[in-house]
Structure formats: C-alpha cells, structure tokens
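Spelled out from the first residue to the last, the chains are:
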Amino acid sequence: MKFLKSSVLFISMACIVPVCSIAREKSERITRAEIEQKSADEFINGLMSRMTVDEKIGQLNLPSYGNVMPNPKKSEIASRIVRGEVGGIFNIFGVDAIRQLQEVAVKESRLGIPIIVGADICNGYKTVFPIPLGLSCSWKPENIEEVARISAKEVGADGICWTYSPMVDISHDARWGRVKEGAGEDPFLGGIMAQAWVRGYQGNDLSADTTLMACVKHYALYGAAEAGRDYNTVDMSRVTAMNYYMRPYQAAVEAGVGSIMTSFNEFESIPATGNTWLLNDVLRKQWGFNGFVVSDFTAIAEMVNHGIGNSQEVGVKALKAGVDMDMIADCYHAVLKKSLEEGKITEAKIDSACRRILIAKYQLGLFHDPYKYCNPKRAAKEFLSVNNVSAARRIAAESFVLLKNDNNLLPLKGCRKVAVVGPLADSKANMAGSWKYDEQTKSYHGLVEDLQESLGNGVEVVFAKGSNLVDDSVYEANFTDQNRSTRDDRSDEQLIAEALKVAEGADVIIAALGESIDMSGEGASRAILEMPQTQKKLLDAIQKTGKPIVMVLFTGRPLALQSEEKQVNAILNVWFGGTEAGAAIADVLTGKVSPTGKLTMSFPRVTGQCPIYYNHKMTGRPMSPDAWYTRYVSNYIDVLNEPLYPFGYGLSYTTYTYGDVSLNTNSMDANGKIQASVIVTNTGAQDGEEIVQLYLRDIVRSITPPVQELKGFKRVALKAGESKKVTFDIDVDMLKFYDSTLDYVAEPGEFQVMIGGNSKEVKTASFTLK
C-alpha cells in the first residue's frame, strides 16, 4: 500500500504563511466548508497558518489517558485538550469515553483539531490471537494479514484508530522477553511479516473506519540489547545493522506504514530517539519515509539518564533528529517554546513535525468525521464474532510447532484415560500473551476443559496441578500480575503426590509446562532459560511412572530444553495461543488438525549459548557442527555448539523426503535468473502441508558472509504418498548485501543453493554469478 505517498505529503514549505506565536483568544475552529471544498494541501496550509506556536507544540504531545472516569469531559486530560496541549491520547478504551474527549477537542478547543487515539493492539483486541512470534511460525503472511484486519475492525469499533504494532525487531537472544512480539531471528522473513501486518491494519483506504494506522516499532535495533536485558545498550557496526536487523523496518516503509516508533536503546553511543543517522539519514532520506515518528514511552526524557543532556537539551536533540511526537514524557510541551525563543531550534522544525501529525489525522479521515471510530453499534457486530473466533482457533493451531514425537505418540489415539498435569494445564489467564486486556480471559477455557470436549465422553480426562510455576513465592509475586496469580500454598511434595495419584491408570500424561504470560514480554528478561526447578521435579516424578508423556509447552520465547527433550516422548510448543488456545491445542493433540508450524527462532540447548542464530558467520577456526569438542577451534567444552532445535524446524504427523536440488543453469549474469527445483514427497500415512525453505550462501565476498540466509519459502500440500516439484526463482536481488561502505551490491562469484525442511537439513547445489 502506498497511501502515505499521496500528494498531501509534498506540501511546499514556501506555501506556509508566517505565524505570530502570540496566543489568540478568538476561536478559529475548522469549518465543514474548509474540509469539503479545499484540497488536502490547501486545508493543511490554511490550518497551520492560524495555529500559534503553542498549538503546534501541542500537536506533538501524546499523553496517556490518566484518570478520565467517571466524567471524561471534566478530567485533567480534557482541560489540556481545550488548551491545545494534546495531539493524541493512548491507552484509553471504550467508545463513550473516547467520543467525549473527541467532542472536547472538536467543540471546545480554539481550532477544533481532533485527537488521534492509539493503543498497543499487538495480536488482537477482544478476539485474541497467538503471540506474534507464534504467528510467524505459521510461515503464513496471510494469517498475519487476517489477524491485523480483524484487529482493526474490532478496535476501530471501540474508538481507536492507531495501533503500536507491528513490532519488527530482529533478535538473536531469547533472554530478551520481547522476542514474543516479533517474528524471530531472520530479517527476510521478518520483512515479509512486517508488510503483512501493515497491509492488514491499513488496508487500501486508511480513511475507512475498518482500518487502523500502523506504527512500526521499535526503530531501531532494540532486539540486540546486550545480554538480552530489556532497555539495555546496543553496540554493533552499521554493516551488521543493515545486513541483519534493518530489513523489516524498511519493508514496512515500503508497504506504506503510517508511523514509526523509536526504541529505548542507544546505537553508536547515541540514543535511538536522538539519532539523526537512524531517523533522518536512513529512514527519511534513504528509504523515503513520509509518515510521522513517535517516541516510545518517555523515551525522550530518558535520554537524560543516558547522560547526553538535561531535559531541554534532549528535547532539542530529539526534535532535530526527527521525532515528531513525544509519548508521555511531556518534554516537548515543557521545553520547545523556550528552546525556540533561545534560538536552539527553528519554528520550521516545529512546523515539520506538526504538519506530519496533521497529515496523519487527515489521512485517517478524522477531520472529515472525528467520530468515525465511535459508533457503539459496531461493537456488538465486531467483537468476538463467530467468524473471528473461528479464525482464532484455526490460526492458533497453525502457529504450534511439534518439536518431538517419538513412536508417533501424537495424535492421541485409543486412550481411555488421559492425565493432564502442570501449572499451566487449567490456567485460563495464561492462554493469551501479555498484550491483552484482562476482562477477556473470564470467558476463556483451559486446556483440560477443551481436551475433554474434544475427546468426548468415552475418554476420562483428569487433572492435577502438580507444581507451581516457580519455587520461590516472592520471585513469582515480583513478575506475576496479582490478578493472574494461581499459586498453590501446598508443598512440592503434596502437589506431586496429587499428580501421581491422578496419573494412576492413565494411558498418557499431558504435562502443561513452561512460562506464564508474565515471564516474557516487556520488562521480562530472563537470565536462565531452563525450566523452573519445581516444574523439573514434577517432570522427574511423572517420568518414573513409565507412562508416555506429552509436554505441551507454553512459552513466549525459546527455552533451553536439553534435559526435558530426553525425558518426554513428545513436545508440542503452543506459545500463548489466545482466545481459542485451549480448543486449538485439543484439535492438534487429537489429530483433528495436523501441526505444520516451523520455528522462526533457534532453541538453545542451554542458556549459555545465547545469543544463538542460524545465519551466523564462519570463524577462522570453525567447529564441525556434530563434533562434541575439539581443542583450539570455536566451541564449548561442555555442550554442542548447535541449537537443540534449529531455525525452520518443525515436525508433522506425516514425514517428508527431499530429492536433490536441480538448477536449470549453473551460471547467470546481473540480468539473469536461475530456477532451483526439488522433488518433495510425503512419505507418511497422512496428508500434510510442508514448508519448503530456500537458503543461499555467498561462498566468497568482500566482507565475511553468513553461513546461509533464508531467501524464500513455499507451503506445499501433499497427500499421503504424493510427490510435487517445488521451484524457486533466484535473481540478482537475492544475492545483494551491504558492503563495508554500505553500498547494496551483489558480487560475482560462487553461490550455494540449499533447499530443505529446516535450516540444517538441506540439499545443495551451486551456481556462479558472472
């Protein structure tokens, strides 16, 4: 979508009428005739020509809602809107409250400029879908586009027109809790998913009340925080940034995203919120972004903590770098007028930021109809509709990844009694991810209830909690929202004894283990990715029964499962699946749906391997992937280098084999194209759908290349015993990279083509670029 590149964006600064900054008493409220009779350029010019400096600065201010109830029009935020100090509000919910504040803006402020209303709608609103990391594991951008489209319709029915999504940060470190919000470790796949989010939210007409303005976050490089610790320093070269991390942001810009959010981290010793190279040189000049930039929550003021200036200095730095809107910090409101008077900034800089925000409001149709998102009749139709809930169940099942399935234990068959144990087995509050709104969980089902319904009355499903999430109650209280606490005061021994009792006579044990939703997400970095000790004790105890065990893994990140992988017969990673998580898990466990998900982030064996990622560089002393230990090469003495489960990995209820890779030619020039083909066969007894992955490797180039890079993928439906030829087109653009001078080039030489079902199990062929 290219909506944001309309003529509205190219208003000549020479057309702006100079404005006196002295406050005016007279109302110059926008009229209907102005909106309907003037072009977009004329309208924005005319509006800005009568705005005071204070009113322009007011448009750059994005406070949180504060306490607006029970009377929004009498709240402090309403008073600020009347005074022209507010351009938008975030995290206020409900049509009635939003409409009342919009009426204050339109009817009581001097100019009548509507406010923009934003919220973190990251994987659904009333209908909640799997966490974005889980969604990416479907390798179906059409799923993400559908999730975004449904979210836009639901949230747009509740007064909101701007979402702080998608999060497109690439991360190689599972210790960082916010990996759950992104698409994993690969920039190519991340770019495809970023564009799907933007298309789904913004559609083809941003002025429709069924669309939202998207806001890509966090620009930039937030996912590379040192030690995986949230908000921490990022330190890398520009070459690494451009080759490993920047593609998803750029892809979103190419899709026409309306806004960009800055990140908390620094880059090259300059906080991203004040980094001119990121915000101006790359984002606007190189990529041609014409939307507006908003800071993250208090990020402008936080530059003081970074140590680069006082509040006035960091406010000036942010505005000059290209940040148009200040989220919550009130820094612009406090310092920009003074900075202008002291000559530290120009009015033209304020005008540019104000103009971008006004353009966004115009594109959203808020000037034409400020109340377009405030129709209470829509909510009954949109919220949790039959179609939305059905989509949530289907999409959740497609996000799950089958990591192990010895002796085809899954799908469950011939069971008379199933024991379900574990702290996450019947916890409704832990079905969705952390970006959701608590009242929704009241209607959720736990796994036990949905599994019983799926298996029917002929199978007995019994339940025992078996353990708490973690041993330490104080530790659990620190990270768990008290409204979601499910801690049991019994001892570990009592909980385990109950689990063993319900397991008596069971044909199979389902162990629902892993993280709660509060153990990952923003501010939830973990130094230890292994399973909590109390859950390990439960697993040890049920293993001794000798019964087959299926681990249903709830998690917002890759976990280190080296010991658990040896203890259980099957592992189904279900992430946090949303509104219909329980039903979707039951669908897969019972075989109504065959799992097709593949990992988009590598799972380490132990925490100490982090950061770990498939597209790493080869060192001068490389380690053989399968060797345990060799002295004086790059390896650990106590664990294999390779991940436990590699990028792209995922099993199904059937099996696939790959033939040799065939190329239609062994060389091409810059204008040519090569076709790479492989025969994929379903060698199992069930129909299935395989995700065929294409990787390339540049054997020799001017800067050290990664060992492989994802460059394509296709989903192929195959009936039992069926074979299909899968073909990929390879052109020169797929061979390009940013060299040491940041030129985007493809260099002549040999390339290796790799095609397979994951990044480690591939068939290869080679060609030469002339």
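Residues numbered from 1 in each chain as written. Predicted model: local features only at pLDDT ≥ 70, side-chain atom pairs only at ≥ 80, totals over all residues. Heavy atoms only, no water.

Per an unreviewed UniProt entry, the protein carries the name Periplasmic beta-glucosidase and comes from Parabacteroides distasonis. Regarding the protein, the UniProt comment filed under Catalytic activity (unreviewed entry) reads as follows: "Hydrolysis of terminal, non-reducing beta-D-glucosyl residues with release of beta-D-glucose." Of the comments in the UniProt record for the protein, the one headed Sequence similarities (unreviewed entry) reads "Belongs to the glycosyl hydrolase 3 family." (UniProt positions renumbered as here; feature names shortened; annotations may be inferred.)

Asks: Where do I start with the confidence of the model for the protein in this structure?
Replies: Segments scoring low in pLDDT should not have their predicted coordinates read at a detailed level. Summary statistics for the protein give a mean pLDDT of 93 and a share of 95% for residues scoring 70 or more. Confidence drops under a pLDDT of 50 for residues 1-25, and excluding neighbours within four residues, the segment shows 57 contacts in the predicted structure. (pLDDT = per-residue confidence, 0-100. Contact = heavy atoms within 4.5 Å.)

Asks: What should I look at first to understand the domain arrangement of the protein in this one?
Replies: When the parts of a complex come together, some accessible area is lost, and that lost area is often used as the size of the interface. When the domains of the protein are assigned, the result is domain 1 (39-377), domain 2 (393-600) and domain 3 (654-767). The C-alpha centroid of domain 3 is placed 37 Å from the C-alpha centroid of domain 1. Taken together, the 16 residues of domain 1 in the interface contact 14 residues of domain 3. Its largest share of buried area at the contact with domain 3, domain 1 owes to Trp139, Phe188 and Asn243, together 46% of the area lost on that side. Connecting domain 1 to domain 3 are zero salt bridges. Of all the elements in the fold, those that place two or more residues in the side of domain 1 that touches domain 3 are α8 (187-202), α9 (238-245) and α11 (276-286). Residue contributions to the side of domain 1 that touches domain 3 peak at five residues, all from α9. (Domains from an automatic or database assignment. Buried area = accessible area lost by both parts, 1.4 Å probe. Salt bridge = Lys/Arg side-chain N within 4 Å of Asp/Glu carboxyl O. Helix = DSSP H or I, 4+ residues; strand = E, 2+ residues; numbered from the N terminus.)

Asks: For this particular structure, what's the right way to read the side chain of Asn573?
Replies: Inspection of the secondary structure puts Asn573 in strand β16 (residues 570-573). When neighbours within four sequence positions are excluded, Asn573 is seen to be in contact with Phe400, Val401, Leu403, Leu553, Thr555, Leu599 and Phe603.

Asks: What exactly am I supposed to notice about the packing of helix α2 (residues 40-49) against helix α15 (residues 347-363) here?
Replies: For any two helices packed against each other, the geometry is given by the interaxial angle and the distance between the axes. Direction vectors running N to C along α2 and α15 enclose 130°, while the axes themselves pass 11 Å from each other. With respect to their mutual orientation, α2 and α15 come out oblique. As for how α2 packs across α15, the hand of that crossing is right-handed. Across the interface between the two elements, Ala40, Phe43, Ile44, Asn45, Leu47 and Met48 of α2 pack against Asp351, Cys354, Arg355, Leu358, Ile359 and Tyr362 of α15. Residues of the contact of α2 with α15, tallied by class, amount to nine nonpolar, one polar and two charged. (Axes fitted to C-alpha atoms, helices over the stretch in contact; angles between N-to-C directions. Parallel < 35°, antiparallel > 145°, perpendicular 65-115°, else oblique. Left-handed = near helix turned anticlockwise from the far one by under 90°. Nonpolar A, V, L, I, M, F, W, Y, C, P; charged D, E, K, R; others polar.)

Asks: Looking at this structure, how should I read the environment of Gly597?
Replies: Tracing the backbone through its elements, the reader meets Gly597 in the loop between α23 (581-589) and β17 (656-658). For the pair Gly597 and Tyr164, spaced 433 residues apart in sequence, the C-alpha separation works out to 26 Å. Filtering out sequence-adjacent residues up to four positions away, Gly597 remains in contact with Cys137, Glu398, Phe400, Val401, Tyr649 and Gly650.

Asks: Help me understand the sheet that holds strand β9 (residues 292-294), please; the structure alone is not making it clear to me.
Replies: The strands that make up a sheet pair up through hydrogen bonds in the backbone, lying either parallel or antiparallel. What the six strands build is an open sheet, ordered β2-β3-β4-β5-β6-β9; its pairing is parallel. Each edge of the open sheet is held by one strand with a lone partner, namely β2 (88-90) and β9. Where strand β3 (residues 116-119) meets strand β4 (residues 162-163), two bridges bridge the pair, whose relative direction is parallel. Within β4, the position partnered with Gly118 by the bridge is Trp162. (Pairing = 2+ DSSP bridges.)

Asks: Hey, could you run me through the environment of Asp296 in this one?
Replies: With respect to the helices and strands, the residue Asp296 is situated in the loop between β9 and α12 (299-306). For Asp296, a relative accessible area of 7% translates into the label buried. Considering only alpha carbons, one finds Asp296 and Ala499, 203 residues apart in sequence, at a separation of 45 Å. Setting aside chain neighbours within four positions, we find Asp296 in contact with His218, Met261, Thr262, Phe264 and Met327. (Buried < 20%, exposed > 50% of the residue type's maximum accessible area, 1.4 Å probe, protein only.)

Asks: I tried to follow the pattern of salt bridges on my own but got confused; where do I start?
Replies: Between side chains of opposite charge, pairing is possible as soon as their charged atoms come close. For the structure shown, the criterion picks out 42 salt bridges. Measuring nitrogen to oxygen at the nearest pair gives 3.2 Å for the salt bridge that ties Asp54 to Lys337. Pair noted here: Asp54 is in helix α3 (residues 53-59) and Lys337 is in helix α14 (residues 331-341), with a separation of 283 residues, a long-range link. A salt bridge links Lys763 to Asp660, with the nearest nitrogen and oxygen atoms 3.8 Å apart. Highlighted residues: Lys763 in strand β27 (residues 762-769) and Asp660 in the loop between β17 and β18 (662-663), separated in sequence by 103 residues. Judged by its relative accessible area of 30%, Lys763 falls in the partly exposed class. Taken together, the salt bridges that share partners define one network made up of Glu76, Arg80, Arg83, Glu85 and Asp330.

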